[in-house]
Amino acid sequence: MSSLHEMAHAKINLYLHVTGRRDDGYHLLDSLAVFAGAADELRLHQGSRRGGQVGLRIEGTFAPGLQADDCADNLIVRAGALLRAHVGPDGAAQLPDVDIVLRKELPVASGIGGGSADAAAALRLLCKVWALDIARAPFMELATRLGADVPVCLDQRAARMEGIGEELTPAPALPPCGMMLVNCGQSVSTPQVFRTRAPVFTPRAILPPQWPTLAEMVRDLAAQRNDLQDAACALCPEITTVLDVLRAAPGCRLARMSGSGATCFALFDSPAVAQAAQGAVRREGWWVWAGDLCRSGGRAVQGIGAVLA
Ligand code: C5P
């Protein structure tokens, strides 16, 4: 029995502009996504039977937030179903069954793309174990069917997301910096946040090819916004408290909500400065993580995270 594993890193939207709305209700976005060292982990065990079935077991800090009964709906299991459909019934009959163990260390439904990162990691793992060589364009199309954030999570590389999130272009080169993530322990529904936001649109941002220093990046990001932040704060007022606490943390250069919330991020001069500020931020029931960005693809970069129960 062989075993493979993949990390599924947290995706942070440094800014998120809603630029329009499609006829099917999906919103057009302009967002800069980066990845933090904080991650879920997927471990895959190959079974002896064939048929391409994907079994799922969930463990880790946030496993209780994901019901075992809902495993069939989990994006990891749906990633398996999509790949089986892609190869067709004859091909699928030859694929070995697999069991995936998900170690859930990212808060659930929290605006840092945990579910999307898990789905992308499952696609990477399953393609490896099933020896599927799918060209990039159809692979991205499959990923988009699982969710608008899944394509960017496939590469786990900083990228500008447009369209509904699936049109990816390289991000400006990022400076060294530290990041802190804080989640107040409440889930926020993405569709509800989109429905609650004021129906106004923000233009696409103008970005430089690179940010040589954190000061230059912070200056430009301060001119951008997260268009979902006000709606998420209205639905979950504790997000405002998290943002106030982050802004007051020693060394914080910029604090903002990621995605549709509730997780907020703050930028610091270095991972060490971010880690030193953790003590000032901790509150009962809050998940706090501090560490580095993945500045060159999805390599795990050391960070420290904890939930205070
Ligand atoms: O694609 P995903 O499953 O992540 O999206 C969840 C929900 O968020 C969608 O059903 C939609 O209501 C909203 N959404 C949106 N525009 C996007 C992405 C998500 O309206 N670009």
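Values in this document were obtained by computation on a predicted structure and should not be read as measured data.

(A) Representation of the environment of Ser116. In this structure, Ser116 sits in helix H2 (residues 114-129). Assessed through the 24 C-beta atoms surrounding it within 10 Å, Ser116 is described here as buried. For the pair Ser116 and Leu146, spaced 30 residues apart in the sequence, the C-alpha separation amounts to 7.8 Å. Non-local contacts of Ser116, meaning those with residues more than four positions away in its chain, are made with Lys11, Gly147, Asp149, Val150 and Cys153.

(B) Geometry of the UniProt feature "domain: GHMP kinase N-terminal" (unreviewed entry) in the protein chain. The UniProt feature table records "domain: GHMP kinase N-terminal" (unreviewed entry) at residues 74-154. Each end of residues 74-154 is marked by a C-alpha atom, and these two atoms are 17 Å apart; helix forms 64% of the span and strand 10%.

(C) Examining the environment of Ala198 more closely. Relative to the assigned elements, Ala198 resides in the loop between helix H5 (190-196) and helix H6 (214-222). Residues Ala198 and Leu181, 17 residues apart in the sequence, show an inter-C-alpha distance of 26 Å.

(D) Here's a closer look at the domain arrangement of the protein chain. Domain annotation of the protein chain identifies domain 1 (3-162) and domain 2 (172-307). Taking only C-alpha atoms into account, the centre of domain 1 sits 22 Å from that of domain 2. Taken together, the contact pairs 31 residues of domain 1 with 41 residues of domain 2. Put simply, the parts of the chain that give the side of domain 1 that touches domain 2 at least two residues each are strand E1 (3-21) and strand E2 (27-50). With 12 residues, E1 is the largest single contributor of residues to the side of domain 1 that touches domain 2.

(E) Fine view of the site of the ligand. Every residue close to the ligand is listed here: Tyr26, His27, Leu29, Gly147, Ala148, Asp149, Ile164, Gly165, Thr190, Pro191 and Phe194. Secondary-structure elements contributing two or more residues to the shell around the ligand are E2 and H5. Looking at the shell around the ligand element by element, the count peaks at 3 residues for H5. By residue class, the composition of the shell around the ligand is 6 nonpolar, 4 polar and 1 charged. Both domains that meet at the shell around the ligand, namely domain 1 (3-162) and domain 2 (172-307), each give it at least three residues.

(F) Representation of the UniProt feature "binding site: ATP" (unreviewed entry) in the protein chain within the structure. As recorded in UniProt, the sites labelled "binding site: ATP" (unreviewed entry) are Pro107, Val108, Ala109, Ser110, Gly111, Ile112, Gly113, Gly114, Gly115, Ser116 and Ala117. Looking at where Val108 falls in the secondary structure, it is placed in the loop between strand E4 (96-103) and H2. The contacts of Val108, once residues within four sequence positions are left out, are Phe62, Gly65, Leu66, Gly114 and Ser187. By secondary structure assignment, the location of Gly111 is in the loop between E4 and H2. The exposure class of Gly111 is buried, given the 32 C-beta atoms found within 10 Å. When neighbours within four sequence positions are excluded, Gly111 is seen to be in contact with Val188, Met257, Ser258, Gly259, Ser260, Gly261, Ala262 and Thr263.

Parameters and conventions
- Throughout this document, residue positions are counted from 1 along each chain, in the order its sequence is written.
- Local features in this predicted model are restricted to residues of pLDDT 70 or higher, and side-chain atom pairs are both shown and tallied only at a pLDDT of 80 or more, whereas totals for entire chains, interfaces and linings draw on every residue.
- The helix count covers DSSP runs of H or I at least four residues long, the strand count covers runs of E at least two residues long, and both are numbered beginning at the N terminus.
- Here the C-beta atoms are placed from the backbone, and a residue counts as buried if at least 20 other C-beta atoms lie within 10 Å of its own, exposed if 12 or fewer do, and partly exposed otherwise.
- Each residue gets a C-beta atom placed from its backbone, and two residues are in contact if those atoms lie within 7 Å.
- UniProt positions are given in the numbering used here, feature names are shortened, and annotations may be inferred rather than shown by experiment.
- Domains are outlined according to an automatic or database domain assignment.
- We count a residue as near a molecule or strand when its backbone-placed C-beta atom lies within 6 Å of that partner.
- Residues are grouped as follows: Ala, Val, Leu, Ile, Met, Phe, Trp, Tyr, Cys and Pro are nonpolar; Asp, Glu, Lys and Arg are charged; every other residue, Gly included, is polar.

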